[in-house]
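Residue-level listing of the chains:
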Amino acid sequence: MALSFPSIEWVEEFKRQINSSEGYKKAGATWTAGVVALVTSAKPEIGIKEDVGIWLDLHQGVCRDAKIVTAEDAQKAPFCITGDYARWKQVIKKELEPVKGMMQGKLKLKGDLPTIVRYVKASQELVECTTRIDTKFLDE
Amino acid sequence: MAGYQNRILEVDLSISQMNIIDVPVEDKRRFIGGSGVAAKLFLDRFNPKVDPLSPDNPLIVMNGPLTGTTLPGTSRFAVCGKSPLTGIWGEGTCGGNFGPELKFAGIDGIIFKGVSPTPVYLSIEDDEIELRDASELWGMDNYILTDFLKQRHGKDKNPKVLSIGPAGENLVKFAAICNDKGDFIGRTGMGAVMGSKRLKAVVVKGTKKVEVSHPEEYAALRKLLITKSREAMVAQSFRSMGTDAGMDLGMMTGDVPIKNWMIGEDLELSANLGGPAMTERYLTRNHACSFCPIACKRIVKVDDGPFKTEEGPGPEYETCCTFGTLIMNNDLAGVIKANEWCNRYGMDTISCGATIAFAMEAFEKGLITRKDTDGIDLTWGNMTGVIELLHKIAKQEGIGAVLSEGSRKAAKRLGKEAEELTVEVKGLEAPMHDPRGFHGMGLAYMMSIRGACHLMHLSLGVEQGITTYPEAGFQENYTGQTSEGKAEMIKLCEDLGLPFNSLAICEFVAWTLSANELAEMVRLTTGFDFRLKNLLACGERTWLLKRGLGNMMGISAKDDRLPKRILTPLKDGAAAGSVPDVEKLLREYYEIRGLDEEGKPKREVLIKAGLEDLAEKLHG
């Protein structure tokens, strides 16, 4: 059954996919820089009344915790990437590579750039994990 | 016209004569400045058949109308002439501080003609301009020379220095021109042209203003653009990691060439040579060109070890590849040392490093032996050997003399098998962006006016998704490993990108702005009625002009090709199995550009662009 993005169920499945991914386990093996949060901007017309945060506690190739949080809490993470719903949909559908998206200003990054740049491969593997989730987009 | 000083200094070095000229307003409107105006001057006044190292080849230093204004990214200038490396149109552009200072001295550009009977340098202090004896300076490297001249001329204000090192004096074909130690006109051997004229340096100080046409609107635009260019992600990336920020991502996208373009991926190399590595291990501080909010320049220091290097200008992405991934060197300190020597001697790090990579492969295959190299071991990754070789190249000693001709001529001397190891187009070694990952870049290499080039157009930013300009007709995103639609993309990249070298604006800043904003910069500075359509028309006209010059210098359709190595699929990495469809790319591009079977712009295309005189010269 397709899981709505974003939702608690989708985030739990995302965690499961990350921890099943040999690719992410290898690429993220040295990551100790802390939580990565993703923020989707509010879009009331499709039922997202306020900004939604996804909290990913990533550590040495493992996702220790994944949950829905407020945008305010998400901004407290060492790394926080913010984008419109349409952009996250493009990322999940592999129509927008996240680092490209950041370069073009379509996704906004808060966090230490040199650290993120070292883990481009890991970010690609995380995107691969999202593509394995049967996702229902709220605007379709 | 505002923005311009409306004065070009013409210096005949043969007879030590100087006078002031200017270009017609209409040529400023049509070609703007920088290398666009330089190309028009060359067409009008000089012979395309000239020997590049003869007195008759001019060396043209040219600002743009924005140079010396306080708009972001406007510190650049161009240096042009016929290239001794390629035998066709040569140009390089450079940031730093020299261009604005020349503008403050009341000068838009300098045309050097002839050859001085003895070494000289040109001193410009506002209206006090003189040629001075440089006999005691001949042989100095760029760092020592720059410090010496700044001390000699720096009583009341810090002068800016343009100089050549021993490589330019010795006519190394890829000799570069140095600007205040840290910035270079690297490509196409303009340093050798300067050396052939026995011109060692230009020292400039100025106190004049640069007028703008619409001061209030200009001030508002400036404030907006500085904020935009400072806050853009690509700006933040370059500020924190330098241009070497491109190494890690490039390794994932198939952009970075490895082992003379033979390998597709090596994550250990990028981890040791990339921007984060440089920032963590060797960076002491950032440095910025005049009026730049990005500050991408690195100042680095290697404290100890065999490649100990005193604090000074650090390597860019291209250098980290040519002296890193391309030659299988894992040691960033070695790259920094090689960069320092190239800076001191004054050599293009792209052509020099790529020629050394060619030599290493030739060594591996037994086409060059230790006997040929005077005992230097050119095993892959041996940076000690590379540094030894750099000295020989700069001094034109032994094998260095052969390699100083560039990889194309060096390979010709070694034979057919060696020629297959070179990666150049029209004699210019390819920069560090692999067309197998980005097919549009392959087309850009084939059609770039000065040979394989990543900067005469916007392909690097657009095709790799760093920027886009939908208002100019670009798509939001492009897929790298397809040749579909790339002819149209590259023509647009050239039409919008070439004016950057005419405006003399930094491409990195331009990536953060919109095309309409770029046109506004011109309008509000110069007062020309200038919109985006004018910018694109200028780009097209400039491309046709430079292509026509290239045709007159000998370029034809047969030269528009990619080397065998680029057309050989990689076995690994993100670009594995992918090669550009050269036939499709050229067929479609020739159609869009209006080129005939010989590779010349058609008569009617030239006339439509307002290039009637060029049409006459090319077609009779």
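Residues numbered from 1 in each chain as written. Chains lettered and ligands numbered in written order. Predicted model: local features only at pLDDT ≥ 70, side-chain atom pairs only at ≥ 80, totals over all residues.

*Asks:* Would you mind showing me how to read the sheet that holds strand β3 (residues 52–59) of chain A here?
*Replies:* Across a sheet, strands are paired by hydrogen bonds formed along the backbone, either parallel or antiparallel in direction. All names here are of chain A. Across the sheet, five strands lie side by side as β4-β3-β2-β5-β6; this open sheet has mixed pairing. Two strands in the sheet have a free side with no partner beyond their single neighbour: β4 (62–70) and β6 (107–110). Neighbouring strand axes in the sheet, compared pairwise and without regard to direction, differ in orientation by 15° on average. Looking at chain direction, β3 and β4 are connected through eight bridges and run antiparallel. Following the sheet pairing, D57 is matched in β4 by D65. (Pairing = 2+ DSSP bridges. Helix = DSSP H or I, 4+ residues; strand = E, 2+ residues; numbered from the N terminus. Axes fitted to C-alpha atoms, helices over the stretch in contact; angles between N-to-C directions.)

*Asks:* When you look at helix α2 (residues 34–45) of chain B in this model, what are you seeing that I'm missing?
*Replies:* Residues spaced three or four apart along an α-helix point in a common direction, a consequence of the helix completing one turn every 3.6 residues. All names here are of chain B. Taking 1.5 Å of rise per residue, twelve residues should cover 16 Å, and α2 covers 17 Å from first to last C-alpha, within 8% of that figure. By the criterion of burial, α2 is predominantly enclosed, with nine of the twelve residues buried. Of all the residues in α2, the buried ones are G34, S35, G36, V37, A38, A39, K40, L41 and F42. (Expected span 1.5 Å × (residues − 1). Buried ≥ 20, exposed ≤ 12 C-beta atoms within 10 Å, placed from the backbone.)

*Asks:* Please clarify how the sheet that holds strand β12 (residues 199–205) of chain B should be interpreted in this entry.
*Replies:* All names here are of chain B. Here six strands make up an open sheet; going across it, the order is β8-β7-β12-β9-β10-β11 and the pairing mixed. For this open sheet the edge positions go to β8 (128–133) and β11 (183–185), each flanked by a neighbour on one side alone. For this sheet, the mean inter-axis angle between neighbouring strands, taken without regard to orientation, is 15°. Sheet contacts for helix α4 (residues 142–153): β7 (120–125), β9 (160–163), β10 (177–179) and β12; angle to β9, the most-contacted strand, approximately 140°. (Contact = placed C-beta atoms within 7 Å.)

*Asks:* Whenever I open this one, the interface of chain A and chain B confuses me. Can you help?
*Replies:* By convention, interface size is frequently given as the accessible area that disappears when the constituent parts associate. In this assembly, 15 residues from chain A lie in contact with 18 residues from chain B. Taken together, the elements giving at least two residues each to the side of chain A that touches chain B come down to α5 (98–103), α6 (113–118) and α7 (120–131) of chain A.

*Asks:* What's the story with the domain arrangement of chain B in this structure? I'm lost.
*Replies:* Residues and elements named next belong to chain B. By domain assignment, chain B separates into domain 1 (8–205), domain 2 (242–421) and domain 3 (433–619). Between the C-alpha centres of domain 1 and domain 2 the distance comes to 26 Å. Of the residues lining the interface, 32 residues belong to domain 1; the matching set on domain 2 comes to 26 residues. Contributions of two or more residues to the side of domain 1 that touches domain 2 are made by α4, α5 (166–169) and β10. The element best represented in the side of domain 1 that touches domain 2 is α5, accounting for three residues. (Domains from an automatic or database assignment.)

*Asks:* Looking at this model, I keep getting lost on unusual backbone geometry. Mind explaining?
*Replies:* Glycine aside, residues mostly have negative phi angles, and peptide bonds mostly take the trans form. Of the consecutive residues A:F5 and A:P6, the connecting peptide bond is found in the cis state with omega at -5°. A positive phi angle, near 50°, is found at B:N260, a position not held by glycine. Of note, B:N260 is situated in the loop between α9 (246–253) and α10 (267–273). Of note in the backbone geometry, B:A295 takes a positive phi value of approximately 60° without being a glycine.

*Asks:* Would you take a moment to explain the packing of α2(B) against helix α24 (residues 532–553) of chain B for this structure?
*Replies:* Geometry of a packed helix pair, given as the angle between the helix axes and the separation of the axes. Residue and element names in this part refer to chain B. At a minimum axis separation of 10 Å, α2 and α24 run at an interaxial angle of 40°. Looking at the two axes, α2 sits oblique to α24. In this structure, the crossing between α2 and α24 has a hand that is left-handed. Touching G36, A39, K40, F42 and L43 of α2 are T542, L545, K546 and L549, all from α24. Residues that form the contact of α2 with α24 fall into these classes: five nonpolar, two polar and two charged. (Parallel < 35°, antiparallel > 145°, perpendicular 65-115°, else oblique. Left-handed = near helix turned anticlockwise from the far one by under 90°. Nonpolar A, V, L, I, M, F, W, Y, C, P; charged D, E, K, R; others polar.)

*Asks:* Honestly, the nonpolar core in this entry has me stumped. Any pointers?
*Replies:* The nonpolar side chains of a soluble globular protein tend to be buried, and buried together. Counting residues in each nonpolar core, the largest one holds 238 residues, and the members touching the most others are A:A37, B:I60, B:I177 and B:M347. No other element matches helix α14 (residues 349–364) of chain B, which puts ten residues into this core. (Core = buried A, V, L, I, M, F, W, Y, C linked by C-beta atoms within 7 Å.)

*Asks:* Even after reading the chapter, I still don't get the packing of helix α7 (residues 215–231) of chain B against helix α23 (residues 515–526) of chain B, so can you show me in this structure?
*Replies:* All names here are of chain B. Relative orientation of the contacting elements α7 and α23 amounts to 150°, with a least axis distance of 10 Å. Here α7 is positioned roughly antiparallel relative to α23, judged by the angle of their axes. Taken as a pair, α7 and α23 cross one another with a handedness that is left-handed. Counted together, E217, Y218, L221 and L225 of α7 and E517, E520, M521, L524 and T525 of α23 form the full contact between these two elements. Within the contact of α7 with α23, the residues separate by chemical class into five nonpolar, one polar and three charged.

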